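A closer look at the structure
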Protein chains: 4
Amino acid sequence: MSAPPYKLASRAFCPHGTVIQLGRVRIGGDEVVLMAGPCSIEGEAMIHQIAAMVAEQGGTVLRGGAFKPRTSPYSFQGLGERGLKYLRDAADEHGLLAVTEVMEIGQLELVAKYADILQIGARNMQNYPLLREAGRADVPVLLKRGLCATIEEFLLAAEYIMAEGNRRVMLCERGIRTFADHSRFTLDIAAIPVLKERTHLPVLVDPSHCMGVRDKVLPMALAAIAAGADGLIVETHPKPEQALSDGPQALLPQQLAQLSERLEQVAVAVGRTFTKSPVEVTSP
Amino acid sequence: MSAPPYKLASRAFCPHGTVIQLGRVRIGGDEVVLMAGPCSIEGEAMIHQIAAMVAEQGGTVLRGGAFKPRTSPYSFQGLGERGLKYLRDAADEHGLLAVTEVMEIGQLELVAKYADILQIGARNMQNYPLLREAGRADVPVLLKRGLCATIEEFLLAAEYIMAEGNRRVMLCERGIRTFADHSRFTLDIAAIPVLKERTHLPVLVDPSHCMGVRDKVLPMALAAIAAGADGLIVETHPKPEQALSDGPQALLPQQLAQLSERLEQVAVAVGRTFTKSPVEVTSP
Amino acid sequence: MSAPPYKLASRAFCPHGTVIQLGRVRIGGDEVVLMAGPCSIEGEAMIHQIAAMVAEQGGTVLRGGAFKPRTSPYSFQGLGERGLKYLRDAADEHGLLAVTEVMEIGQLELVAKYADILQIGARNMQNYPLLREAGRADVPVLLKRGLCATIEEFLLAAEYIMAEGNRRVMLCERGIRTFADHSRFTLDIAAIPVLKERTHLPVLVDPSHCMGVRDKVLPMALAAIAAGADGLIVETHPKPEQALSDGPQALLPQQLAQLSERLEQVAVAVGRTFTKSPVEVTSP
Amino acid sequence: MSAPPYKLASRAFCPHGTVIQLGRVRIGGDEVVLMAGPCSIEGEAMIHQIAAMVAEQGGTVLRGGAFKPRTSPYSFQGLGERGLKYLRDAADEHGLLAVTEVMEIGQLELVAKYADILQIGARNMQNYPLLREAGRADVPVLLKRGLCATIEEFLLAAEYIMAEGNRRVMLCERGIRTFADHSRFTLDIAAIPVLKERTHLPVLVDPSHCMGVRDKVLPMALAAIAAGADGLIVETHPKPEQALSDGPQALLPQQLAQLSERLEQVAVAVGRTFTKSPVEVTSP
């Protein structure tokens, strides 16, 4: 096999694997990581309530969108900076890290001020100017795989970030587009062991967007961990029927609790760990 | 939601789920089932050796092809009836059931004489005359999903069998064709929970064909069980480098042992069971 | 580039291209061929009426199904031998050839008795026993590409037929399965020039099944000829709203006339011919 | 059928169809439009030479990239503003319009200074901030369909531009990602008639990127026009073996001449026009 076109992202560059450490959270280590939160940040009370739920279930990273890439220009586009503030406060209050999406270069500085991890979405996976700029930021990046990106294109996108100096990149499989019409996207579980072989970067999985319905998120989440993923990023909402975006796929509180419990067991079955009740939270 | 076009295969027809009982083996029950064996039956000694391996690792069904559907007319096409005899003997000697593929109506009676379960391959999923004829046989059928079949088409294919009287059908996800080029087929793990919701029939997964390389079979097998599959059908070979077909994807003996061990743990994590060392084998 | 795995089907085997001559009809020559007719043969009067329409518009081959592969076991399955007789009579009366589908080995002799060309459908493209048997028949075969078959698999399927002695095989692109949801299948026009390069066999296109709606058939038919196809096979029906299968995609009589007219012009534009009003029909 | 989620882009908004007039060039009218040029602008002499070729063959728009979105960060990324100047000069000297890609908001003003048409590439089809900004520009936009975008997503992307005020949008089909491995992308010819039905915007086709080899570009280009496209955008290069990017797919000068000639004939066959030798060029 000839050398891959990516260098810094290749497994050969760091054979033992990369662990991204953020306070007490280690992404890519033995412990699998649970990131959870709403699709969009809709208000202050709501994000605090969810942060409490997430922390209680062993989640260590709070997700939530302030700038939303919506297919239609007429859909809710997010709260912007106000949303970022709510997210930061809620995360801090519950000892969580915060991850949120950045959609354009002009938002990067602002988002980096509030977030611990910058998310670059699937639609922007080949937005090269944005990747380069994220490569100059001093914040880890969660890069989602494009809907029809090959593994090579995915790793070359990571390479764009890394080539600018930012080596703290984590990859996220979120489903690809296929003919299959029983899920919104086909979660490509096979990408997990393939990525673990070709790159040293941590691999996360988002099982919420692809399934589109909350009842199918749990089995897919467990499958991802069984296949070797380093963590999950899921959507949850206390009252999904009132969510401003993607309500049907958000886990109910009791479903998040069930995921947390099962996650612990499956992690152990594959030689990993997950602690539902972490040691008491102290400021990082 | 309107009624599905399939009736006998629908979950509503048998809400509690179907268990296919064959001797001491229950397919679709709490215990997950391990079916294993070579791609093709290549000789008597070889299939006996593999049967011993399979039984030792908790497998209960021996797989192996005597009639092989090969993409090229110039490839090895299987041993035919001689292969069936070897398979039957090997299975009997080690207290296993036998599953093997039937490719055409003319072979059906012969194959049914030797096998406990008739396999209908992905390429024949919409071979309606064959489905009908299998529906008149008194042997359970393992029906593989076509490479680009929707869930509805898959269940309508099962309906073709069931409509003729044979209600003992088990379904098998084996990977779909997508743009993704890092695996031969994309194993559609999401099909598992969707099938479990829409049909009462047992759902198996073949993680060998889609991955094409043995090192990636274990994570996909565990993912399938974590997502709710009722069992696995995998390829294994004591000396895969000498296999006449599909050697690179056959698990080595130690890999089958590792699968068996992990399988037990993952099954428990999702509320199922798998017993590596079954109670001593007595004739069924 | 290494040698392809197919031999008899490869362009190298017959560099100047194969022309299949049947009476006055030449498939694969300069003149593009129009095959048309109903999805299913529904009755005697109807098939005669359609045969008249087809002949009037320069069609030379009458299509129509007597044995129908239907996704659901509960759908209309065709008239069987009675349909074959109607088809033969209608074709003869209007100086047309007849093409119809054979679904299983057991039907082959019967269908060959009535048809000038045996059609093997997309779902049976890898039904190897059927391909082999068709390879022993003394009748040309129209082989449709499977819904997710690669070009190599398609040509290997043709090779199965040819390896048994029957060299008169024509290939038919009919649309592949993709994520695109604005047509039932994605007509892979690029397959035409690729096939013309890799094989010497004639290449036809079926633009009816993929589009699913009659208003979109004309542009796709013309595109196929512009891209180098040797002919078309389309569905037409005088009263499509009464058709027992696939009515919405059948061309209305005036649409068939329009296709015929445009076909003539596009054929000339790419250096081919099509004659709407052939010389007076005499028995072949 | 319920109302589509896009409004300004819908056919209902402008039932007779939009014609974008730029000097003497009308995009979306009876005459089909030929846009041609190199993948990247590589130097001054080269782009002038190509402009002469394009004008001679009836092309009216010169294409060429100054900012290139490349999959690898280590590939040639374009000449930037210097390239834009060369493009402008070459276009002006030969009475052509100029189209070139804009990759990020920060480049928009610069590119708009030099180009007559802004191209937004497939990878940026859902780069919503860029779409919005292009919607505020006073320059027509050529929007390429994303590799796995549905028609609805494509039209919603156009809607993002139009909602900001810029109504001069033209759409470009350039191939989608499928399992098919005989072309780099599968040119979705069916998208042409479907788009013509659902939207009033002009529809162009790029047959160069999908095929990847120059010998297959001509049949696909003709197919696109036969199916109803309003124009083509193709790559051409006098010495493709020396091209810095995508040389293998660039048409040779004699191939561009052949395309021009055939284009004229196919256009007429479908009721359109194309004039290889336009009336003598005078400044617009």
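Before any of the text, the structure's been laid out above.
Residues numbered from 1 in each chain as written. Chains lettered and ligands numbered in written order. Predicted model: local features only at pLDDT ≥ 70, side-chain atom pairs only at ≥ 80, totals over all residues. Heavy atoms only, no water.

1. A word on the relation of the copies chain B and chain A
When chain B is fitted to chain A, the residual RMSD is 0.0 Å, and the transformation amounts to a turn of 180° plus an axial shift of 0.0 Å. What we have between these two chains is a two-fold relation. Closest approach to the rotation axis within chain B is made by the C-alpha atom of Ala-223 of chain B, at a distance of 2.0 Å. When the interface residues of chain B are mapped onto chain A, 100% of them again fall at the interface, so both copies present the same face. (Least-squares fit on C-alpha atoms with pLDDT ≥ 70 in both. Contact = heavy atoms within 4.5 Å.)

2. Points about the pairing of strand β7 (residues 141-144) of chain C
All names here are of chain C. Neither face of β7 is left uncovered, since the one carrying Val-141 and Leu-143 and the one carrying Leu-142 and Lys-144 both have all their residues buried. With 3 bridges connecting them, strand β6 (residues 117-120) and β7 associate as parallel partners. Counterpart to Gln-119 in the pairing with β7 is Leu-142. Handedness of the crossover joining β6 and β7 through helix α4 (residues 128-135): right-handed. In terms of strand pairing, β7 meets strand β8 (residues 169-173) through 4 bridges, oriented parallel. The residue of β8 that forms the bridge with Val-141 is Val-169. (Buried < 20%, exposed > 50% of the residue type's maximum accessible area, 1.4 Å probe, protein only. Helix = DSSP H or I, 4+ residues; strand = E, 2+ residues; numbered from the N terminus. Pairing = 2+ DSSP bridges. Right-handed = clockwise from strand over helix to strand, strands pointing away.)

3. Some words on the packing of helix α1 (residues 44-56) of chain C against helix α2 (residues 81-93) of chain C
Residue and element names in this part refer to chain C. Put simply, α1 and α2 touch, their axes get as near as 9 Å, and they point 30° apart. Judged by the inter-axis angle, α1 sits roughly parallel to α2. When the axes of α1 and α2 are compared, the crossing they make is right-handed. Contacts between α1 and α2 involve Glu-44, Ile-47, His-48 and Ala-51 from the first element and Tyr-86, Leu-87, Asp-89, Ala-90 and Glu-93 from the second. For the contact of α1 with α2, a count of residues per class yields 5 nonpolar, 1 polar and 3 charged. (Axes fitted to C-alpha atoms, helices over the stretch in contact; angles between N-to-C directions. Parallel < 35°, antiparallel > 145°, perpendicular 65-115°, else oblique. Left-handed = near helix turned anticlockwise from the far one by under 90°. Nonpolar A, V, L, I, M, F, W, Y, C, P; charged D, E, K, R; others polar.)

4. Quick word on the state of the cysteines
All names here are of chain B. Counted under the stated rule, the structure contains 0 disulfides over all chains. Between Cys-39, a free cysteine, and Cys-172, which holds the nearest cysteine sulfur, the sulfur-to-sulfur gap is 14 Å. A relative accessible area of 6% places Cys-39 in the buried class. (Disulfide = S-S within 2.5 Å.)

5. Section: the packing of aromatic side chains
In total, this model carries 4 aromatic pairs over all chains according to the counting rule given. With 4.3 Å between their ring centres and 20° between their planes, Tyr-128 of chain B and Tyr-160 of chain B make a pair best called stacked. Note that Tyr-128 of chain B is positioned in helix α4 (residues 128-135) and Tyr-160 of chain B in helix α5 (residues 151-162), a separation of 32 residues in sequence. Like Tyr-160 of chain B, Tyr-128 of chain B is buried. Sitting over the ring of Phe-185 of chain A, Arg-174 of chain A keeps its end group 4.4 Å from the ring centre. Stacked on the ring of Tyr-74 of chain A, the Lys or Arg Lys-7 of chain D has its end atom at 4.0 Å from the ring centre. (Phe/Tyr/Trp six-rings, centres within 6.5 Å; stacked < 30°, edge-to-face > 60°. Lys NZ or Arg CZ within 6 Å of the ring centre and 35° of its normal.)

6. With respect to the nonpolar core
By size, the foremost hydrophobic cluster in this structure holds 377 residues, and its most contacted members are Leu-143 of chain A, Leu-143 of chain B, Leu-143 of chain C together with Leu-143 of chain D. Setting aside residues up to four positions removed in sequence, Leu-143 of chain D forms contacts with Ile-120, Met-125, Leu-131, Phe-154, Ala-157, Ala-158, Ile-161, Val-169, Met-170, Leu-171 and Cys-172 of chain D. (Core = buried A, V, L, I, M, F, W, Y, C linked by side-chain atoms within 4.5 Å.)

7. Observations concerning the packing of helix α8 (residues 217-226) of chain D against helix α9 (residues 253-269) of chain D
Residues and elements named next belong to chain D. For the pair α8 and α9, interaxial distance at closest approach is 10 Å and the crossing angle is 25°. When the axis of α8 is compared with that of α9, the two are roughly parallel. Relative to α9, the crossing made by α8 is right-handed. On the side of α8, the interface is formed by Leu-218, Ala-221, Leu-222, Ile-225 and Ala-226, while α9 contributes Gln-258, Leu-259, Arg-262, Leu-263, Val-266 and Ala-267. Classifying every residue of the contact of α8 with α9 gives 9 nonpolar, 1 polar and 1 charged.

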